Amino acid sequence: MAECSSLQFVSPYAFEAMQKVDVVRLAALSDPELRLLLPCLVRMALCAPADQSQSWAQDKKLILRLLSGVEAVNSIVALLSVDFHALEQDANKEQQLRLKLGGGSGESILVSQLQHGLTLEFEHSDSPRRLRLVLSELLAIMNKVSESNGEFFLKSSELFESPVYLEEAADVLCILQAELPSLLPIVDVAEALLHVKNGAWFLCLLVANVPDSFNEVCRGLIKNGERQDEESIGGRRRTEALRHLCKMNPSQALRVRGMVVEECHLPGLGVALTLDHTKNESSEDGVSDLVCFVSGLLLGTNAKVRTWFGTFIRNGQQRKRENISSVLWQMRRQLLLELMGILPTVRSTHIVEEADADPHVSVYSGLKEEHVVKASALLRLYCALMGIAGLKPTDEEAEQLLQLMTSRPPATPAGVRFVSLSFCMLLAFSTLVSTPEQEQLMVMWLSWMIKEEAYFESISGVSASFGEMLLLVAMYFHSNQLSAIIDLVCSTLGMKIVIKPSSLSRMKTIFTQEIFTEQVVTAHAVRVPVTGNLSANITGFLPIHCIYQLLRSRSFTKHKVSIKDWIYRQLCETTTPLHPQLLPLIDVYINSVLTPASKSNPEATNQPVTEQEILNVFQGLAGGENARVNQHYSITAQLLVLYYVLSYEEALLANTKTLAAMQRKPKSYSSALMDQIPIKYLIRQAQGLQQELGGLHSALLRLLATNYPHLCIVDDWICEEQITGTDALLRRMLLTNMAKNHSPKQLQDAFSMLSGNHTQLMQILEHLTLLSAGELIPYAEVLTSNMNQLLNAGVPRRVLQTVNKLWMVLNTVMPRRLWVMTVNALQPSVKIIRQQKYTQNDLMIDPLIVLRCDQRVHRCPPLMDITLHMLNGYLLASKAYLNSHLKETAEQDIRPPQNNTMGLEAPEVTREELKNALLAAQDSAAVQILLEICLPTDEEKGHSSNSHSLLKNIQSAAGPGPQIQELEEEEDSLLCNLREVQCLICCLLHQMYIADPNIVKLVHFQGYPCELLALTVAGIPSMHICLDFIPELIAQPELEKQIFAIQLLSYLCIQYALPKSLSVARLAINVMGTLLTVLTQSKRFAFFMPTLPCLVSFCQAFPPLYEDIMSLLIQIGQVCASDVATQTRDFDPIITRLQQLKEKPNEVSRLGKDPSYKSGAKDITSLDPDVQLCQCVENTIIEIINMSVSGV
């Protein structure tokens, strides 16, 4: 809108005076300025005001006085005297007429036939006709705008173009809009004015006379605007009009810019408003508004805005010749000026070798400290413009950018940031370096970076310096990880830009051949000091990132550089929260220790951390929590070293076969070292720091579950929750000074006096229960070494239970050492006298040593509980030990077997099977020993001879009525130590059976005393597993196994009356019938005498089997009778009685009481097996009938 350049616009001063109705300011305006505001001022003076205050009355008088000297006021007063209601009606009629005629020019109701052109008509017309002329022209333009569907047009109109009548036309326009707001909405009028010459000037006058409409007009024009305003004439005119509006009201310019971004329309306007605002800024050192605005658009989180502005930049570059008036050109010029404004002033264009120059005087002047932040912001902006918006820099821009990037900032945190950004920009946009002189300049600057890195880090106090980034990039170049470099550049710059790997080829050559050869990289990396107190709070690129990449590329082993000491020092210099790079560093270091860099050189590996170094980290932990004050290493360092040791051992086992093939056997850490590391204590500490340790806690749990399953027993975790929960906190609140003052020596003295005085020991033990697990560690040895004394008679149960409780607490922090001490303390007195001490290794090889304890332990439930806990742990430890042993000796599988015809796979399968067989034998032996412990001794049998046995038959028929004495005796038996031990053993067996169901099958195929069946079926919930293999057990050829299977089944049927049990019971009855026909007399007697009582249980559990069982019993009686019949004795009376029992079961009670029946039974009592078997059949039938009659 260059046509408006000669016109006078409303000044910001005048607009503000109108906004605030500041009469004093209005009076100070010149006549030309005042002339532009007359429509509003005249209406203000003539119309009745809403404000009736005295102050406004005074202001109104001043306005009238101000207007009295202006001649043009009379014409405006005349305009206001028109009948606007009639005018609006005529306008509405004309609108309807135009709508009917389809927008044709036809007859006009507002304006009759024109004799001359619009300009002459306007000159000769009176006020009403002038209003009609302008209204008719304006409505025509507005209608055309609404019909254009967004296509821009420029309407030629004499009325708005004649310079003579512009002011009068403006007056008419303002009066019309003010008086007819519904007919002429101000936003629509503003839109129409864009399509006529001098539209911007008219628009500014219109808004100046209605100042409250400023934001509404601006938003409407932006909303209707183009997405890319520089592409069309309409867009440029709209931008220019809005720019004039904002110049008139500069305080709202940034708000209008916000509307532009919000609508994603008119990007050129946003930049133009920013340029206007930047020119008015006084600050030169700070980051300019232009840099902030454009950076915010391209680097913000709104992808829509980013794409919109990027398109503006790309489209602006596609035009063949950028005009100086182009907003994009103006923006680039302004940015270049800002960039040049902060460049060092003295800069030699001739490159001087630094070696030739005075070391204290640099030919390159440094960047001023106050300009560093602004320089960093400019670099990021240019990165965004080139990388996101696709800006192609001119030669001048590229030259100045390179000058800025290679300048040398002061040693401050901002300077470190600037150097990092400059370096990444060089990598991202290598095209900025085009000439050999520029390349030499870049190489010298990189050399300066390497030399000054340590100085910058020491002075600035920033741990993450640019030196680590240089090393990291060099390593990536050496390993050809170009994608990693691209990720590094993007993360440093803070934006995702597209970088082609091919563009890095020249930089790769410079780095790998001129600046950082691989040998230089590795040698330099080892000398880099470790990061003190490394944690996740230290961000950026650190030495640990460089070492990690060098380890991955195996650079240290290639160039025979030892990195072990650096890694050990860095692990020791760590704290919480855990840095995320530490665990990957340990993993890759372990891999470099175990796996050679190449097959041709199997010795090219790093050295592992020594055992002494590992022990130094854990020194003092065995003393409990009180010793932590003197510890030099943090809990983070200890957990990381623990993770290293466990991961190393696991990786060594996993790679044993591969290493054996390469004839390498790396050193494994000794079991003595592992025994000295308080693993469980450290895991407990890690559990409370899970949030700060990241994934370290879960990684340690995974390693424990794999290699130390005995430290991951579920019962232990549950016990730990109880020990560390709220109850423990309340107990600690009760902690007295007396409890803290008890020393291990006092505890030993109390144990020495146990035989004569229980009170003192009990008091000390109760006080110790208030201590935490860590504080109890010093008392562990005294507590375990005196456990043998607790087996003596007369020790109170409360003492035993308290010792058990303390042992369980200690088990949460030092399980392995505690178990060894306890096993040795509970050995029989003979072994203790011989000083026979078992080690951890002995107990893992043979877990059954735990059960070779003093026999008195088997009847001491609190100590038996401890013994079973240790047994379970050592059985798990033995499995892990044998698995690791199998992997350690995997090289035996690789050696060619001697005279082997079984194939290559045979040795491996055989060794695995042998291991499984050994474990199965070990587990089953433990189960058999535990079951044997459940049997009452001869003394216990004699003590309970007159009471109900603990192993009473659960299917025995109920007596006529329980006697009070019998109930008391049974209650006594249930409260005995044997009963409690049986319960503890059953709980452990249940866990073992669930963990490995094969043990159940193995134990029952081996068999055990049938007296225990009632206990095992009732006390072990998982015994129902036996129903799966009882058919297989019955099918065994040995008679003893068949008998055991049927007896077991009889108990299971009562305990688990299921459809599956019914089918197995029916099978057992069929098998018994089959065996009846094939067994000899002696075997028949041996088989049926113990199995016939089982039929009663079958009937009790499953009444539908009654018929089959009765038929079987009669058949057994008949077979026996036939054998007896061959002898001289007459056996018919017995057979007759059996038939009667089957046919008339109701007479059984009468027969049972008949004296003749009893005498007859006595008569046939004989030592003959068949006779005894018949009597057993008879008794079985009577029991079944009694059970059915009594309704059991």
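Preceding this section is the structure that the text describes.
One structure accompanies this document, and this report is about it.

Criteria and cut-off values
Residues numbered from 1 in each chain as written. Predicted model: local features only at pLDDT ≥ 70, side-chain atom pairs only at ≥ 80, totals over all residues. Heavy atoms only, no water. Helix = DSSP H or I, 4+ residues; strand = E, 2+ residues; numbered from the N terminus. Buried < 20%, exposed > 50% of the residue type's maximum accessible area, 1.4 Å probe, protein only. Contact = heavy atoms within 4.5 Å. Areas by Shrake-Rupley, 256 points an atom, 1.4 Å probe, with all protein chains shown as cover. Axes fitted to C-alpha atoms, helices over the stretch in contact; angles between N-to-C directions. Parallel < 35°, antiparallel > 145°, perpendicular 65-115°, else oblique. Left-handed = near helix turned anticlockwise from the far one by under 90°. Nonpolar A, V, L, I, M, F, W, Y, C, P; charged D, E, K, R; others polar. Salt bridge = Lys/Arg side-chain N within 4 Å of Asp/Glu carboxyl O.

**A short note on the overall build of the protein chain**
Next, step 1: If you tally the helices and strands in the protein chain, you get 67 helices and zero strands.
Next, step 2: Across the 1192 residues in the protein chain, those meeting the buried criterion constitute 51%.
Next, step 3: Across the protein chain, contacts joining residues at least 24 apart in sequence account for 75% of those joining residues at least 6 apart.
Next, step 4: Of the accessible surface of the protein chain, which amounts to about 54800 Å², a share of 53% is contributed by carbon and sulfur atoms.

**A look at the packing of helix α34 (residues 635-654) against helix α39 (residues 696-707)**
Next, step 1: Where α34 contacts α39, the two axes come as close as 10 Å, and the packing angle between them is 40°. Between α34 and α39, the interaxial angle falls into the category oblique. Handedness of the crossing formed by α34 with α39: left-handed. Mapping the contact onto sequence places Leu 639, Leu 640, Leu 642, Tyr 643, Leu 646, Ser 647 and Glu 650 in α34 and Leu 696, Ala 699, Leu 700, Arg 702, Leu 703, Leu 704, Thr 706 and Asn 707 in α39.
Next, step 2: Of the residues that constitute the contact of α34 with α39, the class distribution is 10 nonpolar, three polar and two charged.

**Description of the pattern of salt bridges**
Next, step 1: The full count for this structure, using the stated rule, is 29 salt bridges.
Next, step 2: The closest approach of N and O atoms between Glu 179 and Arg 43, which form a salt bridge, is 3.0 Å. Residue Glu 179 is located in helix α11 (residues 166-179), and its partner Arg 43 is located in helix α4 (residues 38-46); the two are separated by 136 residues in the primary sequence.
Next, step 3: Residue classification places Arg 43 among the partly exposed residues on the basis of a relative accessible area of 25%.
Next, step 4: A salt bridge links Arg 702 to Glu 650, with the shortest nitrogen-to-oxygen separation between them at 3.3 Å. With Arg 702 in helix α39 and Glu 650 in helix α34, the pair connects residues that are 52 residues apart, well separated along the chain.

**Some details on the environment of Ala 926**
Next, step 1: Mapping Ala 926 onto the fold places it in helix α53 (residues 906-934).
Next, step 2: Taking C-alpha positions, Ala 926 is 9.8 Å from Val 850, a pair spaced 76 residues apart along the chain.
Next, step 3: Ignoring anything within four residues of it in the chain, the contact list for Ala 926 reads Leu 848, Leu 851, Leu 871 and Leu 875.

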